[in-house]
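# Observations on chain architecture
The primary structure of each chain is shown beneath.
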Amino acid sequence: MSEDERHRSDLLYTLMDTYIKNDVLSVQESIVNHVEYTIARSRYHFDDFEAYQATAYSTRDRLIESWNDTQQYFHDQDPKRVYYLSMEFLVGRSLLNALYNLNLKGLYREALEQLGYNLEIIKERERDAALGNGGLGRLASCFLDSMATENLPAWGYGLRYQYGMFRQTIQDGFQRENPDYWLTLGNPWEIERPNVTYPVSFYGHVSAREEDGRQIFVWNPAEQVDAVAYDNPIPGYRTANTINLRLWSAKPSREFDLESFNSGDYVASILEKQNAESISSVLYPDDRTYKGKELRLKQQHFFVSATLQDILRRYTAQHGSLENFSDKVALQLNDTHPTIGIAELMRLLMDVYKWGWTASWEATTKVFSFTNHTVLPEALEQWPVELLQELLPRHMQIIYDINWRFLQELRAKFGNDQAREYRMSIIQEGDEKMVRMAHLALVASHTVNGVAEIHSELIKQTIFEDFYEMYPKKFQNKTNGVTPRRWLAFCNPPLRNLINETLGTDAWISRLDLLEGLKSHADDGEFQSRWVEVKQLAKAKLAAKIKELCGVEVSTDALFDVQVKRIHEYKRQVLNILGIIHRYDQIRNMSEEEKADVVPRVCIIGGKAAPGYELAKRIIKLISAVSQRVNNDPAVGDLLKVVFIPDYNVSLAEVIVPGSELSQHISTAGTEASGTSNMKFAMNGCLIIGTMDGANVEIAEEIGDDNIFIFGALAHEVPKLRTERADLKVDDRFAHVVRLISSGEFGYADFFTPIVDAVQGSDYYLVANDFPAYLRAQDAVDRTYKNSSIWTRMSIMSVAGCGKFSSDRTIRQYATEIWGVEPCERPRPPNAPEGY
Ligand code: F55
């Protein structure tokens, strides 16, 4: 090293070695600098929103420090990495989460306070990042939090939609969808990486030629767009590690098709290129039924192609070649949405890196694993062969090749069994040939997992029965979990403080099993009354939110009963609303004496219907109509209130979950893969009324079945009950409430006919069957609520038994049982300021 170089390196070292300091003045300096130099407002005048922005940028600076050092550490240690591929990440807000994880919340609160701003107020100015539909997207975000906290060498990959999940408004009781252009006022959390850009190709044709006695295929695409990386730092809780969520945005290609500009019509060429951006512009808001939309397939390919190019590029940059690639990389497919990535990796290995089929296939099957999130057949993705052929001709060819070899294997194992081949083939034959993405994912993955025990068993017996017979060892279970940071410690500070005090430590926040220590306090009267106080505080916050959003005044003395989730027939919001109508009808026919005995209830329902899901939209209207009627009936008063909370999202959930006392998870047994909000509610001392479905089964097991209200048919009984529907003796109360709807008691009788027909006809989701048991369970709820000490005991036992449902546990199981990756914890920098 020359004298000059040494000097420069010393200087850089000193400069780089100064971390942002953790004292009030330094924080204020940093915030005010961002007001002036980043958002270009005057340091003397900035409003709450600008204070939020500057605080976010200041927090981001710290995330960047930690991100850079973590990535450098991963690079130097070179452990096996895992990449979580998901078309959805339901992030929600980031400010408080980052400050808490970095252990800087108190410092920033104080710094802002002295400047005249309140952190609790300005944090409300952040828009949710709603890049997901529901459970699947939120799970991906919880996993990132846990992967960072568990110090895993992991990254998330996804799409940077410009329009996230639509914003729901309710007009005259009907759902309206409004665009969520969430980036309008900027996104301080992301770091644009214009130099991390990859070309992604579409359409065109494949040509073949001989080279050194081998067939070489060349894809000549007809369209190309660029994928630009946006990095979103994900800090772990109380660790020096910060991992990355890399989201891709589509831009017109810089190079492709430049000739067309010189062919005359310059303006038309520019305009045509603008279409490129539409690829990443909008999140599809359908969370169940698969729709064969070409743009959706384009999104999927755009996403995985950019992701795999990035992973391969980084790997070869570090290792000089792709040697040992499959020992050093694990790729998790979040449902089948990124499954075209299997064909894309094969293509890249064979056509770009010139590997042979065998080596490519060996590597591909070694890196991929796949998570299934549903047993509903209508949700299974299938793409028309014709569409795939046109959009991705080389991939279609590779899929045929994979299928050909797979069918050979099938014959070798089971002999000539045409029916089986027909069922299992990756290509579904018929008038319109289809590619079954789940079959492709199953054939190419070394592991497939369901998301709760019952669900993982069911997929082996139903949708993947044949594949289970063929590859029994591939099948695993990974029961979902949620991050206890966002969903308990941060969203419910009074409960956090009470738990800290009681356990004498906050270690439970990253070792949730420690909550078990609460069990010995469950009968302590003193502790119980503090527990009740904490719940009352959260109920008051929720009541204020309800007033703000629905204009309805609710009493915090009433039992707060909640069902918030996407609206779907299988989740049975209809069972809930029929139960509410029954309750209403009873109350209005009571004497004053009888009324004195009633437990007052506030029934809170929220959730979005997919814009094309007509029946779900009618259900929202029915709930609104019932609430109109009930809330304005003087015979009912405070004994029953019904509210539909509009635009249910992550930030609202952070208020609703702590403020609930009873929450409903009442899907027809065997239909809800897991559910994750059930875990969030239980963790916050909210009792569950639910069916033996999804993770409810394991929650009951963990917290004890006398601490949960379970009812209804069991999963193994459901198929038979469906065939016996015609013989069912319908409960009189059921017939009565249905008649109230169809006779126009709530108006709109004709509009509600399809709902009435659904539960009176084939009743696929067995609403009528489960109705009597549901009412019995609701009676038990009322009886129990009257005894505050028993109720509170159950509430404490719920929290105490929730240890298993931390996503930290889930992620550790993925890491050891599927990915084979180990923690890689960056040592805390020796010169880092205190508390860092
Ligand atoms: C989104 C897009 C498509 Cl194309 C299909 C499904 C979805 C989606 O959002 N699915 C979803 O949320 N599934 C849920 O996943 C959760 C996490 O595993 C489960 O808890 C829940 O049971 C399941 O319905």
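Residues numbered from 1 in each chain as written. Predicted model: local features only at pLDDT ≥ 70, side-chain atom pairs only at ≥ 80, totals over all residues. Heavy atoms only, no water.

## Looking at the overall build of the protein chain
Quick note on the threshold: Numbering goes from the N terminus for both helices and strands, where a helix is a DSSP run of H or I of at least four residues and a strand is a run of E of at least two. Throughout, the radius of gyration refers to the C-alpha atoms, and the reference size of a globule is 2.2 Å times the residue count to the power 0.38. Here's how the labels work: a residue is buried when its accessible area is under 20% of the maximum for its type, exposed when over 50%, partly exposed in between, all with a 1.4 Å probe on protein chains only. Any two residues whose heavy atoms approach within 4.5 Å at even a single point are treated as in contact. Areas reported here follow the Shrake-Rupley algorithm with a probe of radius 1.4 Å; residue values treat only the protein chains shown as occluding. The charged-residue count follows a simple rule in which Lys and Arg add positive charge and Asp and Glu add negative charge, with His and chain termini not counted at all. Where a charge sits is defined by one atom per residue type, namely NZ (Lys), CZ (Arg), CG (Asp) or CD (Glu).
For the protein chain, the helix and strand inventory stands at 34 helices and 24 strands. For the protein chain, whose C-alpha radius of gyration is 28 Å, the value lies close to the compact-globule estimate of 28 Å for 836 residues. Summarising its shape, the C-alpha atoms of the protein chain cover approximately 90 × 75 × 55 Å along the three principal directions. For the protein chain, the residues scored as buried account for 60% of the 836 residues in total. Residue pairs at least 24 apart in sequence account for 78% of intrachain contacts in the protein chain once pairs closer than 6 positions are excluded. Surface summary for the protein chain: the accessible area is close to 33,200 Å², and the carbon and sulfur share equals 49%. Put simply, the protein chain has 91 plus and 116 minus side-chain charges, and the middle of one group is 1 Å from the middle of the other.

## Points about the packing of helix H30 (residues 732-742) against helix H32 (residues 767-786)
To keep things clear, this is the line we draw: For every element, the axis is a line fit to its C-alpha atoms; helices are fit only across the contacting stretch, and the angle between N-to-C directions ranges from 0 to 180 degrees. Should an angle fall under 35 degrees it is taken as roughly parallel, and over 145 as roughly antiparallel, whereas 65 to 115 is taken as roughly perpendicular and any remaining angle as oblique. Note on convention: near helix rotated counterclockwise from far helix by under a right angle means a left-handed crossing. Clockwise means right-handed. Residue polarity follows a fixed list, in which Ala, Val, Leu, Ile, Met, Phe, Trp, Tyr, Cys and Pro are nonpolar, Asp, Glu, Lys and Arg are charged, and the others, Gly among them, are polar.
Here H30 crosses H32 at 110°, and the two axes come no closer than 9 Å. Classified by the angle their axes make, H30 and H32 are roughly perpendicular. Handedness of the H30/H32 crossing: right-handed. Of the residues in H32, those touching H30 at Arg733, Phe734 and Val737 are Val767, Ala768, Phe771, Pro772 and Leu775. When its residues are assigned to classes, the contact of H30 with H32 shows seven nonpolar, no polar and one charged.

## Quick word on the site of the ligand
This is how it is decided: Being near a molecule or strand, for a residue, means having at least one of its heavy atoms within 4 Å of it. Definition of a polar contact: a pair of N or O atoms within 3.5 Å, with one able to donate and the other able to accept a hydrogen when the atoms are protein atoms, and with sequence-neighbouring residues admitted only if both atoms are side-chain atoms.
Taken together, 19 residues form the shell around the ligand, and within it Asp287, Arg288, His373, Glu672 and Gly675 come nearest. At 2.7 Å from an oxygen atom of the ligand is found a side-chain nitrogen or oxygen belonging to Glu672. One of the backbone N or O atoms of Ser674 is found 3.0 Å from an oxygen atom in the ligand. The protein chains hide 92% of the 540 Å² of surface that the ligand would expose on its own. No other element matches the three residues that helix H7 (residues 135-149) contributes to the shell around the ligand.

## A closer look at a negative patch on the surface
What counts here: Surface patches are drawn from residues lacking salt bridges whose relative accessible area is over 30%; two like charges belong together within 9 Å, two nonpolar side chains (Val, Leu, Ile, Met, Phe, Trp, Tyr) within 5 Å. In the sections that follow, a salt bridge refers to a side-chain nitrogen of Lys or Arg positioned within 4 Å of a carboxyl oxygen of Asp or Glu.
Taken together, the side chains of Glu386, Glu390, Asp431 and Glu432 make up a negatively charged region of the molecular surface. Residue placement: Glu390 occurs in helix H14 (residues 385-391). Residue classification places Glu390 among the partly exposed residues on the basis of a relative accessible area of 46%.

## Details of helix H2 (residues 24-38)
Our working rule: Multiply 1.5 Å by the residue count of a helix minus one, and that product is the helix's expected span.
Helix length check: H2, at 15 residues, gives a terminal C-alpha distance of 20 Å against a target of 21 Å (1.5 Å per residue), a fit within 8%. Along H2, the positions that sit buried rather than exposed are Val24, Ser26, Val27, Gln28, Ser30, Ile31, Val32, His34 and Val35. Looking one or two residues beyond H2, the residue adopting positive phi is Ala40, at roughly 55°.

## Side note on the sheet that holds strand S14 (residues 382-384)
Rules: When DSSP finds two or more bridges between two strands, those strands count as paired.
Strand order in the open sheet made by the three strands is S14-S16-S15, with antiparallel pairing throughout. Here the strands that pair on one side only, and so sit at the sheet edges, are S14 and strand S15 (427-428). Where S14 lies against strand S16 (residues 434-436), three bridges are found, and the strand directions are antiparallel. For Pro384, the partnering residue across the bridge sits in S16 and is Met434.

## Let's talk about the pattern of salt bridges
Evaluation of the coordinates by the stated rule reveals 59 salt bridges. Close ionic contact of Glu516 with Lys519 constitutes a salt bridge, the shortest N to O distance being 3.7 Å. Exposure remark for Glu516: the relative accessible area of 48% places this residue in the partly exposed category. A salt bridge links Asp523 to Arg793, with the nearest nitrogen and oxygen atoms 2.7 Å apart.

## So, unusual backbone geometry
Phi at Asp172 takes a positive value of approximately 55°, unusual for a residue other than glycine. Inspection of the secondary structure puts Asp172 in the loop between strand S5 (167-171) and strand S6 (174-178). Residue class for Asp172 comes out exposed when judged on its relative accessible area of 58%. Even without being a glycine, Tyr203 presents a positive backbone phi close to 60°.

## Description of the pairing of strand S11 (residues 242-252)
Counting buried positions over the eleven residues of S11 gives nine, a clear majority of the element. In the sheet, strand S4 (residues 154-159) pairs with S11 via five bridges, with the strands oriented parallel. Looking at S11, one finds that Leu159 is bridged to Trp248. Where strand S10 (residues 223-235) lies against S11, eleven bridges are found, and the strand directions are antiparallel. Note on S11: the bridge partner recorded for Asp231 is Arg246. Between S10 and S11, which pair antiparallel in sequence order, lie six residues; one of them, Arg238, sits at a positive phi of approximately 50°.

## Description of the packing of helix H10 (residues 294-319) against helix H12 (residues 340-352)
For the pair H10 and H12, interaxial distance at closest approach is 9 Å and the crossing angle is 45°. Taken together, H10 and H12 sit at an angle that is classed as oblique. Handedness of the crossing formed by H10 with H12: right-handed. Contacts between H10 and H12 involve Gln300, His301, Val304, Ser305, Leu308, Gln309 and Leu312 from the first element and Ile340, Gly341, Glu344, Leu345 and Leu348 from the second.

## Looking at the environment of His205
Here His205 is to be found in strand S8 (residues 205-211). According to the relative accessible area criterion, His205 is partly exposed, its value standing at 48%. When the C-alpha positions of His205 and Ile402 are compared, they lie 19 Å apart, and in sequence the two are 197 residues distant.

## Thoughts on the packing of aromatic side chains
Here is the rule: Stacked, tilted and edge-to-face are the three classes assigned to paired rings of Phe, Tyr and Trp, where Trp is represented by its six-membered ring and a pair needs centres within 6.5 Å; plane angles under 30 degrees give stacked, over 60 edge-to-face, the rest tilted. Two conditions define a charge sitting above a ring: the NZ of Lys or the CZ of Arg must be within 6 Å of the ring centre, and it must be within 35 degrees of the ring normal.
Inspection of every chain in the model, using the stated rule, returns 27 aromatic pairs. When the centroid spacing of 5.4 Å and the interplanar angle of 80° are considered together, the rings of Tyr468 and Phe475 count as edge-to-face. Taking the relative accessible area as the measure of exposure, Tyr468 reaches 31% and is therefore partly exposed. For Phe475, a relative accessible area of 11% translates into the label buried. In this structure, Lys621 is placed above the aromatic ring of Phe174, and the distance from its NZ or CZ to the ring centre is 4.5 Å.

## As for the sheet that holds strand S22 (residues 662-665)
Taken together, six strands build an open sheet; the order of strands is S21-S20-S19-S22-S23-S24 and the sheet is parallel. Only two strands of the sheet have a single neighbouring strand rather than two, namely strand S21 (640-645) and strand S24 (709-710). Strand direction decides the pairing type here: S22 and strand S23 (residues 687-690), joined by four bridges, are parallel. Residue pairing in the sheet places Gln664 in a bridge with Ile689 of S23. Relative to the sheet, helix H22 (residues 525-550) contacts strand S19 (559-564), strand S20 (601-606) and S21, its axis offset from that of S21 by approximately 70°. Contacts from helix H33 (residues 788-800) reach S19, S22, S23 and S24 within the one sheet, and its direction differs from that of S23 by about 90°.

## What to know about the side chain of Ser807
Tracing the backbone through its elements, the reader meets Ser807 in helix H34 (residues 807-819). One polar contact links Ser807 to Ser146, side chain to side chain, over a distance of 2.8 Å. If we ignore the near neighbours within four places in the chain, the residues touching Ser807 are Cys142, Phe143, Ser146, Gly481, Val482 and Thr483.

By themselves, these are just geometric observations and shouldn't be taken as functional.
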